[in-house]
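# Descriptive structure summary
Chain by chain, the residues run as shown.
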Amino acid sequence: MFTPTQNHSIMPRVFEITPKRIKRTNNTVLTPEMKVTVTTKMHTFNPFYNGAEEVKEAYMRLYGFDYKKACCTQSDFTFRALD
């Protein structure tokens, strides 16, 4: 059985992620209109905690945008927790 602190650490969190500016790199374009909502696999205060895996997947699924090819980093985005 989980204690409250253990259970709290495995609960996912939901974040809204928004690009800060237009970014053109390696034939890709990222714009501030390309918002995504991601659910992390564990409770964290930063959706980029694990190499941004959920963020990469969301951008590829919704926009066909390759986060890695565009050389994106956390500093290219703003995020806020929705939960």
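Note that the coordinates shown come from a computational prediction; the quantities given were computed from them, not determined experimentally.

Now for unusual backbone geometry. For Asn-26, which is not glycine, the phi torsion reads 50° and is therefore positive. Within the secondary structure, Asn-26 sits in the loop between strand S2 (23-25) and strand S3 (28-30). Owing to a relative accessible area of 43%, Asn-26 belongs among the partly exposed residues under this scheme. Backbone geometry places Ala-52, a non-glycine residue, at a positive phi of 60°. Summarising the element assignment, Ala-52 is placed in the loop between strand S4 (36-39) and helix H2 (53-63).

Before going further, it helps to spend a moment on the pairing of S4. In S4, alternate side chains face the same way, and those of Val-36 and Val-38 are buried while those of Thr-37 and Thr-39 on the opposite face are not. With four bridges joining them, strand S1 (residues 14-19) and S4 adopt antiparallel strand pairing. Bridging across to S4, Phe-15 finds its partner in Val-38.

Now for the nonpolar core. If you look at the biggest cluster of nonpolar residues, it comprises 16 residues, and the most contacted ones within it are Ile-17, Tyr-59 and Phe-77. In terms of residues, this core owes the most to one element, H2, which gives three residues.

For the rest of this paragraph, the subject is the pairing of S1. Of all six residues making up S1, five are buried, and the element is well covered by its neighbours. As paired elements, S1 and strand S5 (residues 77-81) share five bridges and run antiparallel to each other. Bridging across to S5, Thr-18 finds its partner in Thr-78.

The three strands are arranged S4-S1-S5 in an open sheet whose pairing can be described as antiparallel. Each having just a single partner strand, S4 and S5 make up the two edges of the open sheet. Across the sheet, the axes of successive neighbouring strands diverge by a mean angle of 30°, strand direction being ignored. Most of the contacts of H2 go to S4, to which it runs at about 135°, and overall it touches S1, S4 and S5.

About the criteria used
Here, residues in each chain are numbered from 1, in the same order as that chain's written sequence. For this predicted model, a pLDDT threshold of at least 70 governs which residues receive local features, and a threshold of 80 or more governs which side-chain atom pairs are given and counted, while totals over whole chains, interfaces and linings are taken from all residues. Remark: hydrogens and water are excluded; side-chain values derive from all non-hydrogen atoms of the structure. Numbering of helices and strands runs from the N terminus; a helix is a DSSP stretch of H or I covering at least four residues, while a strand is a stretch of E covering at least two. For each residue, the accessible area found with a 1.4 Å probe, counting protein chains only, is set against the maximum for its type, and the residue is called buried under 20%, exposed over 50%, and partly exposed in between. The criterion for strand pairing is that DSSP finds at least two bridges linking the strands in question. The definition of a nonpolar core used throughout is a set of buried Ala, Val, Leu, Ile, Met, Phe, Trp, Tyr and Cys residues joined through side-chain atoms within 4.5 Å. Lines fitted to C-alpha atoms define the axes, with helix axes restricted to the stretch in contact, and inter-axis angles between N-to-C directions lie between 0 and 180 degrees. In this analysis, two residues are considered to be in contact whenever any of their non-hydrogen atoms come within 4.5 Å of each other.

These figures capture arrangement, not role.
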